[in-house]
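# A closer look at the structure
For reference, the chains in residue letters:
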Amino acid sequence: MKACIAGIGSYVPARVLTNADLERMVATSDEWIRERTGIRERRIAATGEACSDLAVQAGKRALTAAGLAATDLDMILVATCTGDYPLPATACLVQYQLGATKAAACDLSAACCGFVYALSVADAYIKTGMRHVLVIGSEVMSAITDWTDRNTCVLFGDGAGAAVVSASDGERGILSTHLRSDGTLCELIMVPGGGSHTPPSEKVIDERLQYIKMKGNETFKVAVRSLEEIARSTLAANHLRVEDIDLYVPHQANIRILKAVMERLSLPIEKVMLNVDRYGNTSAASIPIALDEAVREGRIKDGSLVLLGAFGAGLTWASAVIRW
Ligand code: UT7
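In this report, we go over the structure that sits alongside the text. (Residues numbered from 1 in each chain as written. Predicted model: local features only at pLDDT ≥ 70, side-chain atom pairs only at ≥ 80, totals over all residues. Heavy atoms only, no water.)

Each helix and strand counted, the protein chain has 11 helices and 13 strands in total. Here the protein chain holds 324 residues, and the buried ones make up 55% of them. Taking the intrachain contacts of the protein chain between residues at least 6 apart in sequence as the baseline, contacts between residues at least 24 apart amount to 77%. Surface accessibility of the protein chain: about 13,700 Å² in total, with carbon and sulfur atoms responsible for 51%. The average position of the 33 basic charges and that of the 37 acidic charges among the side chains of the protein chain differ by 3 Å. (Helix = DSSP H or I, 4+ residues; strand = E, 2+ residues; numbered from the N terminus. Buried < 20%, exposed > 50% of the residue type's maximum accessible area, 1.4 Å probe, protein only. Contact = heavy atoms within 4.5 Å. Areas by Shrake-Rupley, 256 points an atom, 1.4 Å probe, with all protein chains shown as cover. Lys, Arg positive; Asp, Glu negative; His and termini not counted. Charge placed at Lys NZ, Arg CZ, Asp CG, Glu CD.)

Attention now goes to helix α4 (residues 90-98). Every buried residue of α4 is listed here: Thr-90, Ala-91, Val-94 and Leu-98. All buried residues of α4 project into a common sector of 100° when viewed along the axis, lining one side. Of the surrounding secondary structure, the elements contacted by the buried residues of α4 are α3 (51-66), β4 (75-79), β5 (104-108) and β6 (132-140). One or two positions beyond α4, positive phi appears at Gly-99, with a value near 75°. (Arc of directions from axis to C-beta.)

The full set close to the ligand counts 23 residues, and Thr-28, Arg-36, Asn-217, Asn-254 and Asn-281 are the nearest of them. Contact between the ligand and Arg-150: a nitrogen atom at 2.9 Å from a main-chain N or O atom of the residue. Within the backbone of Gly-216, one N or O atom sits 2.9 Å away from a nitrogen atom of the ligand. For the ligand, whose accessible area on its own is 950 Å², the fraction buried by protein is 74%. Among the secondary structure elements, those contributing two or more residues to the shell around the ligand are α2 (30-37), α6 (150-153), α8 (216-237) and α9 (255-265). The element best represented in the shell around the ligand is α8, accounting for four residues. When its residues are assigned to classes, the shell around the ligand shows 11 nonpolar, nine polar and three charged. (Near = heavy atom within 4 Å. Polar contact = N/O pair within 3.5 Å; in protein donor to acceptor, adjacent residues only side chain to side chain. Nonpolar A, V, L, I, M, F, W, Y, C, P; charged D, E, K, R; others polar.)

Moving on, we come to the pattern of salt bridges. Summed over the entire model, instances satisfying the criterion amount to 12 salt bridges. Here Arg-34 makes a salt bridge to Asp-30, at a shortest N to O gap of 3.0 Å. With Arg-34 and Asp-30 both in helix α2 and four residues apart, the pair spans about one turn of that helix. Arg-34 gets classed as partly exposed once you look at its relative accessible area, which sits at 32%. With a relative accessible area of 24%, Asp-30 lands in the partly exposed category. Note that Lys-203 is salt-bridged to Glu-207, the shortest N-O span being 3.2 Å. By relative accessible area, Glu-207 is classed as partly exposed at 42%. Here the salt bridges do not stand alone but share partners, grouping Glu-228, Arg-232 and Arg-264 into one network. (Salt bridge = Lys/Arg side-chain N within 4 Å of Asp/Glu carboxyl O.)

Set out below in structure tokens:
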């Protein structure tokens, strides 16, 4: 018994924030952002549009693609670091809005690796008897972005992607998942205020601690190393070579990180899904949005061998290899 992706879907908010818009907000330039990150524009949720709203739209599209009803779902997992509320779980709001009356629901917090981590949880539950698990990566990064900090505000965007993971006894399915973490590097990417360590207070607001802080340069180096390492060990675990991969779908954080990884792996750009130019870094949503676009563009077909690679706050890094 394997767990396969039976349907995929995504949703991004309508509002586009361009680099030219950011030039009017902080001391930056379109040229700097494009050269250092590869990002041209990103989507921003409307006022009142929360993580669950994006997740529901993506989830509906994935269910339609899978030909299933919400009532078929055994479980809903929402990977996010920008949930609607500290509690309840955003997955419960999604469960209610979809009408998934038979589904368990909970959130998973692994930052930009959230979708791949959640995929591995779904894989394990399918192997132990569940039939259909809806895995969603959904983020409203704009809610934790400091729009006065040019080091971070140019990087992130909002969006959601979802996959219906179903039991399958054929050749297709998730071949393996690989998960890593290193909490010694927890300070590289952090929202320092608003949690139980430093609860909300005037000081938190004054010092803007409710927003994401990142040591970009150090993160960059670890990201390249960890994406290369996990891709190689994932391929080795499946007795595959880089040439066997039809499409590499990495977390979309920075085009320079991805180019460095492609070079180290000798992976041609034609075999890499890139859309960071249009959405920026959407954290847990980035891989499922990219997967959905790759399917719709015909770059992933039945039987394609797809490698996923993610890294992010924690630090965490993760991969999966899928026979589509
Ligand atoms: O998914 C979460 C994982 N996070 C990431 O993947 C992020 C990884 N890191 C990165 O993508 C890159 O490190 C950044 C894009 C964040 C920064 O690029 P960089 O090439 O590492 O630049 P830097 O931080 O070394 O900064 C270079 C210069 C600095 O000026 P000085 O000190 O050399 O005078 C910055 O102040 O660029 C300046 N700078 C900017 N200039 C214009 C930083 N942000 C901006 C900006 N516009 N938005």
